[in-house]
Amino acid sequence: QRPSLHSVPIPVTLAHEPYANIQSWLPCIPPNPEVGPENARRWTDVVDNAESRPLIVDVRSPTEFARDHIPGAINLPVLDDEQRSKIGLLHSHGDLLRARMEGAALVCTNISKMLLELCRQRISNYVSESKSLSPFERLRSNPSLLIYCWRGGQRSKSLATVLSEIGFPSPVYLLVGGYRSWRRLLLRQLDAWPRWKMTGQFWVVSGLTGSGKSLVLQELTQVNETVLNLESLADHRGSLFGANLAKSSNTLSSGEPSLQPDFVSQKQFENRLHHTLTTDPRWTDSLQNIWIECESRSIGPYCKLNDSLWTRLRATDDRWGAFRVWLDVPVEARIDWIIKSYRHYTTDRGALESTFTL
């Protein structure tokens, strides 16, 4: 007897989420998320269910996953980077049948390896999410799975269908429209929230470079104020030398590894911002003060604020205007703070040179 009650994947749609279908006058806002079939479940009904919250599985290639993914997802690619490139090349040359045949063969091979690995795992009871568990252990131990690829196409359907057909002992959900629909919803909500949802009073902390604006936000966070730290989300302080530095393969004369700028992409920044605004209910409280640092449109070389948030920060009308707090700090104190904050540039020439060659 089949151990699963679902012999086919259950579609999940994002089309009915808040602001998914709101009219926008901005040309940069993408189309609505895909609706899917009539029996499609709502995203919030599936994902926000504490008793049966699914494990989100991204079956795209490792490079696609590394660029950006739905928060909390694990990566089980049905095609690796090299295989995806090969199949894509066949598609671009117009050999669609061969591309589909070879792609199907590779996907079947990779899924068979996944199934064999699952068979080796001997976890029968539900285990809460833990970083110590392998992706396959987490896959087997979760009460349900939600699978997606780039656009809800063949890659995600392949794994979801196989797991459903073999009687996987938990519901298998399939995200309609895949990651593309997720991005559409994310951008639409980020456009709508500053205009319609974030109704609290904005307080913009302003001041010259080195005046300690970030320190003020940190102190406000410590006393449980509602703080939107955009520089923290972008991993960048906003200035020329504000990049987050990571160890590189180059070494200093002391033998220590040199530091190189490590940047967050626009998609990663938007994903972090969206996740921050969806996980804290205080953003929708009209009685809350929302503290934010005065920023330019760009935070570092790759992260930019969207139109609605940027407009809200610069607004001066009575309803949506932002109050500004100016930090008047002596020049000497600003210089001391700048030297302290960027001291590594005085000892690491490689980090300094890499900053000017970006």
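Now for a look at the structure at hand. What you are looking at is a predicted structure, and each value in this text was computed from that prediction instead of being measured.

### Focus: the side chain of Glu293
- Within the fold, Glu293 resides in strand E11 (residues 289-293).
- Despite its burial, Glu293 pairs with no opposite charge, the nearest such side chain being Lys213 at 4.1 Å.
- Setting aside anything within four residues of it in sequence, one finds Glu293 in contact with Val204, Val205, Lys213, Ser214, Leu217, Leu228 and Glu231.

### Things to note about the environment of Asp328
- By the element assignment, Asp328 lies in the loop between strand E14 (323-326) and helix H12 (331-341).
- In this structure Asp328 comes out as exposed when scored by relative accessible area, which is 70%.
- In this structure the C-alpha to C-alpha distance between Asp328 and Leu208, which are 120 residues apart in sequence, comes to 8.2 Å.

### Let's talk about the sheet that holds strand E3 (residues 55-58)
- With parallel pairing, six strands are arranged side by side in an open sheet as E2-E1-E6-E5-E3-E4. This sheet does not close on itself; its edge strands, each paired only once, are strand E2 (41-42) and strand E4 (74-75).
- The pairing of strand E1 (residues 10-13) with E2 spans two bridges and is parallel. By the bridge assignment for E2, Val12 is matched with Arg41.

### Let's talk about the packing of helix H7 (residues 178-197) against helix H11 (residues 307-314)
- Close contact between H7 and H11 brings their axes to 7 Å; oriented N to C, the two are set at 25°. Comparing the axis directions of H7 and H11 gives the class roughly parallel. Contacts from Leu190, Asp191, Pro194 and Arg195 in H7 reach Ser308, Leu309 and Arg312 in H11.

### Comments concerning the nonpolar core
- Ranked by internal contacts, the top residues of the largest apolar core, which has 41 residues, are Trp43, Leu228, Leu230 and Phe269.
- In terms of nonpolar packing, the next biggest core, distinct from the first, is built from 20 residues, Val57, Val78, Leu79 and Leu163 among them.

### What to know about the pattern of salt bridges
- Taken as a whole and judged by the stated rule, the model has twelve salt bridges.
- When the shortest N-O distance is used, the salt bridge between Glu17 and Arg42 registers 4.0 Å. Here Arg42 lies in strand E2 and Glu17 lies in the loop between E1 and E2, a separation of 25 residues in the sequence.
- On the accessibility criterion, Glu17 (6% relative accessible area) is buried.
- Relative accessible area serves as the criterion here: at 34%, Arg42 is assigned to the partly exposed category.
- Asp280 is the salt-bridge partner of Arg282, the closest N and O atoms lying 3.0 Å from each other.
- You can call Arg282 partly exposed: its relative accessible area is 23%.
- What emerges from the salt-bridge pattern is a single network uniting Glu64, Arg84 and Arg155.

### A look at the sheet that holds strand E7 (residues 201-206)
- The sheet built from four strands is open, its strands ordered E8-E11-E7-E14 with parallel pairing. Pairing within the sheet leaves two strands with one partner each, and these edge strands are strand E8 (226-228) and E14. Taking the axes of each pair of neighbouring strands and ignoring which way they run, one obtains an average angle of 25° across the sheet.
- Bridge count between E8 and E11: three bridges; the pairing is parallel. The partner of Val227 across the bridge, within E11, is Trp291.

The rules behind these values
- Residues numbered from 1 in each chain as written.
- Predicted model: local features only at pLDDT ≥ 70, side-chain atom pairs only at ≥ 80, totals over all residues.
- Heavy atoms only, no water.
- Helix = DSSP H or I, 4+ residues; strand = E, 2+ residues; numbered from the N terminus.
- Buried < 20%, exposed > 50% of the residue type's maximum accessible area, 1.4 Å probe, protein only.
- Lys, Arg positive; Asp, Glu negative; His and termini not counted.
- Salt bridge = Lys/Arg side-chain N within 4 Å of Asp/Glu carboxyl O.
- Contact = heavy atoms within 4.5 Å.
- Pairing = 2+ DSSP bridges.
- Axes fitted to C-alpha atoms, helices over the stretch in contact; angles between N-to-C directions.
- Parallel < 35°, antiparallel > 145°, perpendicular 65-115°, else oblique.
- Core = buried A, V, L, I, M, F, W, Y, C linked by side-chain atoms within 4.5 Å.

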